[in-house]
Amino acid sequence: MRVLITRPEREATALAQALGARGHSPVIAPLFRLQVLHPPDDFAASLADSQAVLITSANGARALAEASEQRSKPIFAVGDTTAATAEGLGFGIVTSASGDAASLSDLVRQRLDPANGPLLHVSGADVVGELAPEGFETRRIVLYEARETDALPDSARAALEARALDVATFFSPRASEAFVRLVTHAKLADSCRSITAIAISPAAAQPLAGLPFARTVAAERPTRQAVLDEIDRLPPPGVQSPTPMTDTPASPPPPEPIEPPVAPAAVPPAVSRARGLGIVGAFVIGLIAAVIVLAVALVSLPYWPQEARTLWRGPAVAQPAPPPPVAPPSAPIIDTAALDAAKRELTARLDDLDKRVRAAAATAAQADRPPADRPATPDPAIAELQRKLEALESKPAATEPDTSALKSEIVALRAGLQSLDQAVAGQKAAVDKAAAAANASTTGEQKALAAARGSAVIGIAARISAGLTAGQPFATDLGLLTPLAQGDAKLGALIATLQPVAAKGAASRASLAASFPAMAKAALADDLADDSFWQRLLGKLKNLVSLRRIGADVQGDSVEAKLARAEAAIDSGDLTKAVELVKSLPPLTSRATADWLARAEAHLAAQRAVDQLAAQAVTLLGSSR
């Protein structure tokens, strides 16, 4: 299955790994960017007074770890994934409810006593409802915020336009509402007709009624594993082939751990096309055969029996005299030029016969009139001639039939020639029609090939994007683009851009975020190490102990302020802004920042190339319509 993931980037990456291990192809399209907020002034006092902390998402665990260094407070997590995240961040006492908010409330009532103190609920800015176990005093502290994207991500837009998705996953009502709004604004609602929507709960499935999905399924339990099980239960797609928080900010979190890395999916074999004579070739051969038969029949007409010629000409023609014999064709195939020559010859013969008839009639009329200088005395010979003329005039019926028969023969021959002209014109029109149909068929085949090529590029771009997100090599996937880039200069340029990092892979956003504190620590120490002895001593101390401010709200142009804003930008998913801030640091820090900047810029360049690759695939699909 080709599965769309709408979760924030960090959770989407883990879910993509789980889907890849099951043989599915993930398409990551985050609808939210997470922003860690500065804790309120009384946060430390509230944490100290509470008997336990309630966490309803993996992001809540990460925000709590950044807000406080205390790791001894008991943690009650909504699901297994949230619990595993908290344990990985160093919290010592972690208990999982393995369910939803109601399960977490039941667990708290079973394990804790209201008399021992209040509870502290760490959450995001947007929640579906308040988590308040009965009998307990619960205070909610907002430590992070999920900000919606302004437009549909390019990966989701390209996949929807190419109709290259089988499944779309949604882990909160807010994510479902955002997807419906963005897809409707992009005018891509009709592209959802072949997609099955799978929501983590009935509440998350309800907003999806605004789009014409083929099916909308709510998972049996509000967990990531239940969503994966629903995907595995779907029938295989019948068309060609392109972790997470336990919830988005407004939904219960799924409890599953991070799965193994994505395995490369097999690329479908190329379809071979057999070529043969074809319908057009058979039609042209039949047409030539029909013309040959008709021409031979007309040319051999004088040699037919009298009865056959009578049937050919019709009963109105009475015993026509056979025309002069015409030699049979020497070649088995008569082309249009030969037919025109035969027609001209027959027309000339008919005109000659018509002239001879007219000349005979004129001679008879001239003989009937006496000349002006004729002698008055009748000559016996002339009298004899006069008697013969009178005898001829008394027998008009004897001579008329011959002239009438000849004229009838002429009319019949002309009618045959006209029929031949009409037959040739009809066959020519049929040939033109067949040629037009062949051209239309060729155009349709070209469009089908362009559509198949665009779909293949979409799928490969999604695989390369997944490898780039996970920091894994993607040379094999990039090699699949080489045959598709023949004759396409833009695809060739994008392949050349991705080639340098394909073998080893580019640094992932997660690894860049993990290595940022060490780089920032070294950069801050280098900035303080000038010619003064005390400044050099302070720089070395800074290199041993990292004491610096963090957060997006740190103002100023100092190295410490810029590093704080850059780290906040990375945590919110804005790597471009972080790179710009690091590049603006003084030259003294270049030694400490050079390696991190090189890896970050390589990641951004590869990501831009992948985005352009998806856009080019959409262009190919558009040309096939």
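Just so it is clear, the model here is predicted, and its values are computed rather than measured.

**Topic: the overall build of the chain**
Of regular secondary structure, the chain possesses 21 helices and eleven strands. Counting over 625 residues, the chain shows a buried share of 41%. Surface accessibility of the chain: about 32300 Å² in total, with carbon and sulfur atoms responsible for 58%.

**Some points on the nonpolar core**
The nonpolar side chains of soluble globular proteins are, as a tendency, buried together. Leu160, Phe179 and Phe213 are the most contacted members of the largest nonpolar core, which totals 71 residues. The leading source of residues in this core is helix H7 (residues 173-185), at six residues. The residues contacting Phe179, other than those within four sequence positions of it, are Leu4, Thr6, Leu31, Leu152, Leu160, Phe170, Leu211 and Phe213. Ala158, Leu498, Val501 and Val610 belong to the second-largest nonpolar core, a separate cluster that totals 29 residues.

**Here's the deal with the environment of Gly505**
Looking at the element boundaries, Gly505 is found in the loop between helix H16 (489-502) and helix H17 (509-528). Through-space distance from the C-alpha of Gly505 to that of Phe474 is 6.4 Å; in sequence the pair is 31 residues apart. For Gly505, the residues in contact, after removing those within four places along its chain, are Gln472, Pro473 and Phe474.

**Considerations on the packing of aromatic side chains**
The tally for this structure, following the rule as stated, stands at four aromatic pairs. Measuring from centroid to centroid gives 5.4 Å for Phe516 and Trp596, while their planes differ by 75°, and the two rings are edge-to-face. With Phe516 in helix H17 and Trp596 in helix H21 (residues 590-623), the pair connects residues that are 80 residues apart, well separated along the chain. On the accessibility criterion, Trp596 (2% relative accessible area) is buried. Taken together, Phe170, Phe179 and Phe213 form an aromatic cluster joined through their ring pairs.

**Considering the pattern of salt bridges**
Throughout the structure, instances matching the rule amount to 14 salt bridges. Here Arg2 ties to Asp166 by a salt bridge, and the two come within 3.0 Å at their closest N and O atoms. You can see Arg2 sitting in strand E1 (residues 2-5) and its partner Asp166 sitting in the loop between helix H6 (154-161) and strand E9 (167-170), a full 164 residues away along the chain. When its relative accessible area of 5% is taken as the criterion, Arg2 is described as buried. In this structure, Arg109 and Asp106 form a salt bridge, with 2.2 Å as the shortest nitrogen-oxygen distance. One end of the pair, Arg109, and the other, Asp106, are both in helix H5 (residues 101-111), three residues apart, so they sit about a helical turn from each other. A residue is classified by how much of its surface remains accessible, and Arg109, at 36% relative accessible area, is partly exposed. For Asp106, a relative accessible area of 34% corresponds to the partly exposed category. If you follow the salt bridges from partner to partner, you end up with Glu148, Arg174 and Arg181 in one network.

**Focus: the sheet that holds strand E6 (residues 94-96)**
Think of a sheet as strands paired side by side through backbone hydrogen bonds, with each pair either parallel or antiparallel. Reading across from one edge, E3-E8-E7-E4-E5-E6 is the order of the six strands in this open sheet, with mixed pairing throughout. What marks the edges here is a single partner per strand, and that holds for strand E3 (32-36) and E6. Between one strand and the next, the sheet's axes are offset by a mean angle of 25°, whatever the strand orientation. Across the face of the sheet, helix H4 (residues 80-88) comes into contact with strand E4 (52-55), strand E5 (75-77) and E6 while running at roughly 170° to E6.

**Here we look at H6**
Residues Ala156, Ala158, Ala159 and Leu160 constitute the buried set of H6. With its phi angle positive at about 50°, Arg163 sits one or two positions after the end of H6.

**Points about the confidence of the model for the chain**
This prediction gives the chain a mean pLDDT of 75; 66% of its residues lie at or above 70. Below pLDDT 50 for its whole length, residues 239-276 participates in 120 contacts with residues either more than four positions away or in separate chains. pLDDT under 50 marks residues 325-332. Its contacts with residues more than four places away, or in other chains, come to nine contacts.

**Focus on unusual backbone geometry**
If a residue is not glycine, its phi is most likely negative; likewise, a peptide bond is most likely trans. For Arg163, which is not a glycine, the phi torsion comes out positive at approximately 50°. Structurally, the position occupied by Arg163 is in the loop between H6 and E9. The exposure class assigned to Arg163 is partly exposed, which follows from its relative accessible area of 42%. The phi dihedral of Lys187 falls on the positive side, at around 60°, and the residue is not glycine. Structurally, the position occupied by Lys187 is in the loop between H7 and strand E10 (196-199).

**Looking at the sheet that holds E10**
Read across the sheet, five strands follow the order E2-E1-E9-E10-E11 without closing on themselves; strand pairing throughout is parallel. If you trace the sheet from one side to the other, it starts and ends with strand E2 (25-28) and strand E11 (215-218), each paired once. Across the sheet, the mean angle separating the axes of adjacent strands is 25° when strand polarity is ignored.

Reading the values: rules and limits
- Residues numbered from 1 in each chain as written.
- Predicted model: local features only at pLDDT ≥ 70, side-chain atom pairs only at ≥ 80, totals over all residues.
- Heavy atoms only, no water.
- Helix = DSSP H or I, 4+ residues; strand = E, 2+ residues; numbered from the N terminus.
- Buried < 20%, exposed > 50% of the residue type's maximum accessible area, 1.4 Å probe, protein only.
- Areas by Shrake-Rupley, 256 points an atom, 1.4 Å probe, with all protein chains shown as cover.
- Core = buried A, V, L, I, M, F, W, Y, C linked by side-chain atoms within 4.5 Å.
- Contact = heavy atoms within 4.5 Å.
- Phe/Tyr/Trp six-rings, centres within 6.5 Å; stacked < 30°, edge-to-face > 60°.
- Salt bridge = Lys/Arg side-chain N within 4 Å of Asp/Glu carboxyl O.
- Pairing = 2+ DSSP bridges.
- Axes fitted to C-alpha atoms, helices over the stretch in contact; angles between N-to-C directions.
- pLDDT = per-residue confidence, 0-100.

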